[in-house]
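The lines below spell out each chain.
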Amino acid sequence: MKRPRKPDELCVALDEISGSGHHLSCRKHPGWVAESLHEEKSIDCGFAEDIRIGLDFFKTGKTVIVRGTIATTLQLRCVRCLEDFTLPLAAAFSYNLLPEEERELPQEMEIPREEFEASYYSGTLIDLAPLVLEQIVLHIPMHPLCRDSCRGICQHCGADLNRAPCRCADDEGTVSPFSALKNFTPKQKT
Ligand SMILES: [Zn+2]
Ligand SMILES: [Zn+2]
């Protein structure tokens, strides 16, 4: 038996959205994303502070327009030097939500389905948590770098090259990129 999800702060009832719109703001604790994603998706990132969410709702006909902002600080590990670092996340987004019934509309629509980006709601309660989670996941860098110029770790000795250069490069210096030219004697003009 499927239990209906417990409505939380990110749920809004359709009739709450009046002509002048509806505003909702809330904070989620740093563990909220991992808890809410369950096994659907794992994220390689933590949160250094609460996640602040602001949402504005407007209704035109049956369509609900949601504009939102998300602000927090990500806790990441650099893929090059393996040091932890933080990165501010600030996302702004908007979605058009259509009632579930509209999904089954005949295909004679003028706009091709793929170009018509919309999400759907069913019933009279809209749960924004999936959209907020989607936005957060989209903003987590796939290959986090503490900075673009991160030098990473030496493959040979494991030294953190951001702190100081190691001696490995010196040892390799004997293999100069020009060594191939060593035996090259320019053809002499006669
Ligand atoms: Zn780094
Ligand atoms: Zn080294």
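Residues numbered from 1 in each chain as written. Chains lettered and ligands numbered in written order. Predicted model: local features only at pLDDT ≥ 70, side-chain atom pairs only at ≥ 80, totals over all residues.

Attention shifts here to the pairing of strand 5 (residues 63-77). Pairing of strand 3 (residues 46-47) with strand 5 involves two bridges; the strand directions are antiparallel. From the neighbouring strand, G46 faces strand 5, where its bridge partner is Q75. Across nine bridges, the pairing between strand 4 (residues 51-60) and strand 5 is antiparallel. Directly across from F58, in strand 5, lies its bridge partner I65. Between strand 4 and strand 5, which pair antiparallel and follow one another directly, the connecting turn spans two residues, one of which, G61, has a positive phi of 60°. Bridging between strand 5 and strand 6 (residues 84-99) involves 14 bridges; their strand directions are antiparallel. Across the sheet, the residue bridging to T69 is A92, located in strand 6. Counted along the chain from strand 5 to the antiparallel partner strand 6, the turn is six residues long, and its residue L82 has a positive phi close to 65°. (Pairing = 2+ DSSP bridges. Helix = DSSP H or I, 4+ residues; strand = E, 2+ residues; numbered from the N terminus.)

Before going further, it helps to examine the nonpolar core. Residues V66, L128 and V132 are the most contacted members of the largest nonpolar core, which totals 18 residues. Mapped by element, the contributors of at least two residues to this core are strand 4, strand 5 and helix 2 (129-138). Per-element accounting of this core gives the leading share, five residues, to strand 5. Apart from residues lying up to four places away in sequence, V66 is in contact with L55, F57, S94, Y95, L97 and L128. (Core = buried A, V, L, I, M, F, W, Y, C linked by C-beta atoms within 7 Å. Buried ≥ 20, exposed ≤ 12 C-beta atoms within 10 Å, placed from the backbone. Contact = placed C-beta atoms within 7 Å.)

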